[in-house]
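These are the residues of each chain, in order.
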Amino acid sequence: MSKKLSTYIELLKNNESALLNFLKAKFPVFHNSNFFFRDLQYGIRSFFEKKDITVSYQDAEKLAANMAKYFEEKGVFVKVNYQAWKVNHRDFVTAAPGDPF
């Protein structure tokens, strides 16, 4: 992996919460919802564009694969198939206050 991609991965991991909130604002991301690889890929590209960093399609694909694995290891994503996950993030629960999960 190139030094540039390694730097981008570290930036994403260090800004995990900001990335997840960015994705939530851009896509319908809720606790127990499905989330797809292409959404993650394009979300990462948009996240970097907001920082005036241009990421190629191919690099965004590599970054998305790496971050998907990272989120799986942390339990934020639960793999459904090779291109989709179930979101497992309690901060993204949409239930009304007082309702059980």
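Draft legend 1. Expanded view of the packing of helix α2 (residues 16-26) against helix α3 (residues 37-49). Taken N-terminus to C-terminus, the directions of α2 and α3 make an angle of 110 degrees; their axes are 10 Å apart at the nearest point. If you check the angle between α2 and α3, you find them roughly perpendicular. Seen along the crossing, α2 lies across α3 with a hand that is right-handed. From α2, Ala18, Leu19, Phe22, Leu23 and Lys26 reach across to α3, where they touch Asp39, Leu40, Gly43, Ile44, Ser46 and Phe47.

Draft legend 2. How the structure looks around the pattern of salt bridges. Under the defined criterion, the tally for this structure stands at four salt bridges. Measuring nitrogen to oxygen at the nearest pair gives 3.4 Å for the salt bridge that ties Lys4 to Asp59. Of this pair, Lys4 sits in helix α1 (residues 3-14) while Asp59 sits in helix α4 (residues 57-74); the two residues are 55 residues apart in sequence, bridging distant segments of the chain. Note on Lys4: relative accessible area 43%, which makes it partly exposed. Its relative accessible area of 13% is what places Asp59 among the buried residues. Its salt-bridge partner being Glu16, residue Lys74 comes within 2.9 Å of it at the nearest N-O pair. Taken together, the residues span a long stretch of sequence, with Lys74 in helix α4 and Glu16 in helix α2 at a distance of 58 residues. Judged by relative accessible area, which is 15%, Glu16 ranks as buried.

Draft legend 3. The nonpolar core, seen in detail. Counting residues in hydrophobic clusters, the biggest one holds 28 residues, and the most contacted among them are Ile44 and Leu63. Elements with a contribution of two residues or more to this core: α1, α2, α3, α4 and β3 (84-87). Leave out the neighbours within four places in its chain, and Ile44 touches Leu12, Leu19, Leu63, Ala64 and Met67.

Draft legend 4. Main features of α3. For α3, spanning 13 residues, the distance from its first C-alpha to its last is 18 Å, which sits close to the expected 18 Å at 1.5 Å a residue. Buried within α3 we find Phe37, Leu40, Gln41, Gly43, Ile44, Ser46, Phe47 and Phe48. Summarising the contacts, the buried residues of α3 are in contact with α1, α2, β1 (34-36), α4, β2 (77-81) and β3.

Draft legend 5. Examining the pairing of β3 more closely. As paired elements, β1 and β3 share three bridges and run antiparallel to each other. Looking at the pairing, Asn34 lines up with Lys86 of β3. As paired elements, β2 and β3 share four bridges and run antiparallel to each other. Its bridge partner being in β3, Lys79 is matched across the sheet by Trp85. A loop of two residues connects β2 with β3, the two strands running antiparallel in sequence.

Cut-off values and rules
- Residues numbered from 1 in each chain as written.
- Predicted model: local features only at pLDDT ≥ 70, side-chain atom pairs only at ≥ 80, totals over all residues.
- Heavy atoms only, no water.
- Axes fitted to C-alpha atoms, helices over the stretch in contact; angles between N-to-C directions.
- Helix = DSSP H or I, 4+ residues; strand = E, 2+ residues; numbered from the N terminus.
- Parallel < 35°, antiparallel > 145°, perpendicular 65-115°, else oblique.
- Left-handed = near helix turned anticlockwise from the far one by under 90°.
- Contact = heavy atoms within 4.5 Å.
- Salt bridge = Lys/Arg side-chain N within 4 Å of Asp/Glu carboxyl O.
- Buried < 20%, exposed > 50% of the residue type's maximum accessible area, 1.4 Å probe, protein only.
- Core = buried A, V, L, I, M, F, W, Y, C linked by side-chain atoms within 4.5 Å.
- Expected span 1.5 Å × (residues − 1).
- Pairing = 2+ DSSP bridges.

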